[in-house]
Amino acid sequence: MAPVHAVDTATSGLDAPLAAVHLPSLRANLADLRRRADGTRIRIASKSVRCRGVLAEALGPELRGDQAVRGVMAYSLREALWLVDRGCDDVLLGYPTVDRGALAELAADPRALAAVTLMVDDRKQLEIALGAGAGGARVCVDVDCSLKIGPAHLGVRRSPLRGADDVAPLARRADALGFRVVGAMFYEAQVAGVPDDVTGIRLVKAASMRRLVRIRREVSDAIAGITGQRPEIINSGGSGSVAESAAAPAVTEVTAGSGLYVPGLFDHYRSFTPRPALFFALPAVRRPARGFTTFLYGGYVASGVPGPSRLPVPAAPTGLRYLGREGAGEVQTPVRGTVAIGERAWWRHAKAGELCERFDTLHVVDETADGPAVVDRWPTYRGEGKCFG
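Below or above, wherever it landed, is the structure these notes cover. Here the structure is a predicted model, which is why all the values come from computation and not from measurement. (Residues numbered from 1 in each chain as written. Predicted model: local features only at pLDDT ≥ 70, side-chain atom pairs only at ≥ 80, totals over all residues. Heavy atoms only, no water.)

1. Description of the pattern of salt bridges
If the charged atoms of two oppositely charged side chains come close together, the side chains can form a pair.
Inference 1: Applying the stated criterion across every chain, the model contains 23 salt bridges.
Inference 2: Residue Arg158 pairs with Asp142 through a salt bridge whose shortest N-O separation is 3.5 Å. Separated by 16 residues along the polypeptide, Arg158 in the loop between β8 (152-154) and α8 (164-176) and Asp142 in strand β6 (residues 138-143) bring together distant segments of the chain.
Inference 3: Here Arg158 falls in the partly exposed class, since its relative accessible area comes to 26%.
Inference 4: Of the charged contacts, one joins Asp221 and Arg230 as a salt bridge, the two residues approaching to 3.0 Å between their closest N and O atoms.
Inference 5: Members of the salt-bridge network, linked through shared partners, are Arg41, Arg43, Asp90 and Glu253. (Salt bridge = Lys/Arg side-chain N within 4 Å of Asp/Glu carboxyl O. Helix = DSSP H or I, 4+ residues; strand = E, 2+ residues; numbered from the N terminus. Buried < 20%, exposed > 50% of the residue type's maximum accessible area, 1.4 Å probe, protein only.)

Take a look at the structure:
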């Protein structure tokens, strides 16, 4: 049975709106990430998950993982501290923080200081951490991975640091201030985050990966020269580029998160087989005209450049289409297509973890001897009363 039909069958007695995760697909996606990493360690990106039950499925109940899948990339220092309190002993921040209160909490907790690695790309971030008392913290340097071809900037605007000559002064300053410089991160968004079927993207991806081979090695050497030891972390990749990044020289770990759920934006990748695992249901509440159905809620629009690709993807029944002048609405979503009032339709978020900000529970559906059934209910971050931004 297709995953969307399995979750529909298993949750038939529940009122929509609701969110459900198909456990066999989630596990198959995790196994595929392991296969594509081919022995290089995978770090789970919590931003793309936002549910402790899913993190536990990937990393075990204590969130400590194994040799192949270990560690979390968090998007908030307060989130990182919360995960450490729940057992995780390896959290790399994916973004810099200037949260002085959270930095003070980090500084006061020896266990957190040993487990959490801050991300930096500017001296000011170091000064703020130092002022909050976190001068002995572990830090990782974020290196820009965008590809510049003439005036064109291909990739995302992240770090101002583009190579070893930029990294060395910051790493030297961090070391002098008492921080422990343990590595560098390279997120090649134009490789990991862009579908393979975009015109010309294969050439962009290949050029990006060739450029990064040299830069990763030079940055690694620069950090080793400053600290006296090889970097513990050379992090790279995302769910869309796990195999390429894992096979690259100098890389010690790759990051993945969206690949567990496989949201709508992943439908057009050729480097792996998408297995959608996360769905949400909306109830049909009215029929404004023949051939049209209006659903309650549905405006779960993904972050990024506004456009059709950021809208939820209708999954079942097939053939539902948005109206050009309304799209997915905050409290109602009209579509072309016929669904009886009181019935429901299933959708997929365009991205991954953002859906968990809309629901407090993921109904966990597994295949049992009696067919698909809800076997557990996992609270999302929202369901645990957590909002990390």
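2. A closer look at the packing of aromatic side chains
Aromatic rings in a pair are described by how distant their centres are and how their planes are angled relative to each other.
Inference 1: All chains considered together, the criterion is met by eight aromatic pairs.
Inference 2: What links up through ring pairs into an aromatic cluster is the set Trp82, Tyr381 and Phe388.
Inference 3: Its guanidinium or amino end placed over the ring of Tyr75, Arg50 lies 5.0 Å from that ring's centre, counting from NZ or CZ.
Inference 4: Above the plane of the ring of Phe186 lies Arg216, whose end atom (NZ or CZ) is 5.9 Å from the centre. (Phe/Tyr/Trp six-rings, centres within 6.5 Å; stacked < 30°, edge-to-face > 60°. Lys NZ or Arg CZ within 6 Å of the ring centre and 35° of its normal.)

3. A few points about the sheet that holds strand β2 (residues 41-45)
Inference 1: Read around the barrel, eight strands follow the order β2-β3-β4-β5-β6-β9-β10-β11 and close on themselves; strand pairing throughout is parallel. Strand-to-strand, the axes of this sheet are offset by a mean angle of 30°, without reference to chain direction.
Inference 2: Inspection of the sheet shows strand β4 (residues 91-93) paired to strand β5 (residues 116-120) by two bridges, in the parallel sense. From the neighbouring strand, Val91 faces β5, where its bridge partner is Val116.
Inference 3: The strands touched by helix α2 (residues 23-37) are β2, β3 (69-74) and β11 (253-256); relative to β2, the strand with the most contacts, the crossing angle is about 140°. (Pairing = 2+ DSSP bridges. Axes fitted to C-alpha atoms, helices over the stretch in contact; angles between N-to-C directions. Contact = heavy atoms within 4.5 Å.)

4. Structural notes on the packing of helix α4 (residues 77-85) against helix α5 (residues 100-107)
Inference 1: At a minimum axis separation of 9 Å, α4 and α5 run at an interaxial angle of 30°. Relative to α5, the element α4 lies roughly parallel. α4 and α5 meet at a crossing whose hand is left-handed. Here Leu77, Arg78 and Leu81 of α4 lie close against α5, whose contacting residues are Gly101, Ala102, Leu103, Glu105 and Leu106. (Parallel < 35°, antiparallel > 145°, perpendicular 65-115°, else oblique. Left-handed = near helix turned anticlockwise from the far one by under 90°.)

5. So, the pairing of β2
Inference 1: Within β2, five of the five residues are buried, which leaves the element mostly enclosed by the surrounding structure.
Inference 2: Side chains Arg41, Arg43 and Ala45 of β2 all project onto a buried face; the interleaved residues Ile42 and Ile44 project onto the opposite face, where all are buried too.
Inference 3: The pairing of β2 with β11 spans four bridges and is classified as parallel. Across the sheet, the residue bridging to Ile42 is Val254, located in β11.
Inference 4: Across three bridges, β2 lies against β3 in parallel orientation. Within the sheet, the bridge partner assigned to Ala45 lies in β3 and is Met73.
Inference 5: After leaving β2, the chain enters helix α3 (residues 52-59) and then returns to the sheet as β3, a path that is right-handed. (Right-handed = clockwise from strand over helix to strand, strands pointing away.)

In short, shape yes, function no, at least from these values alone.
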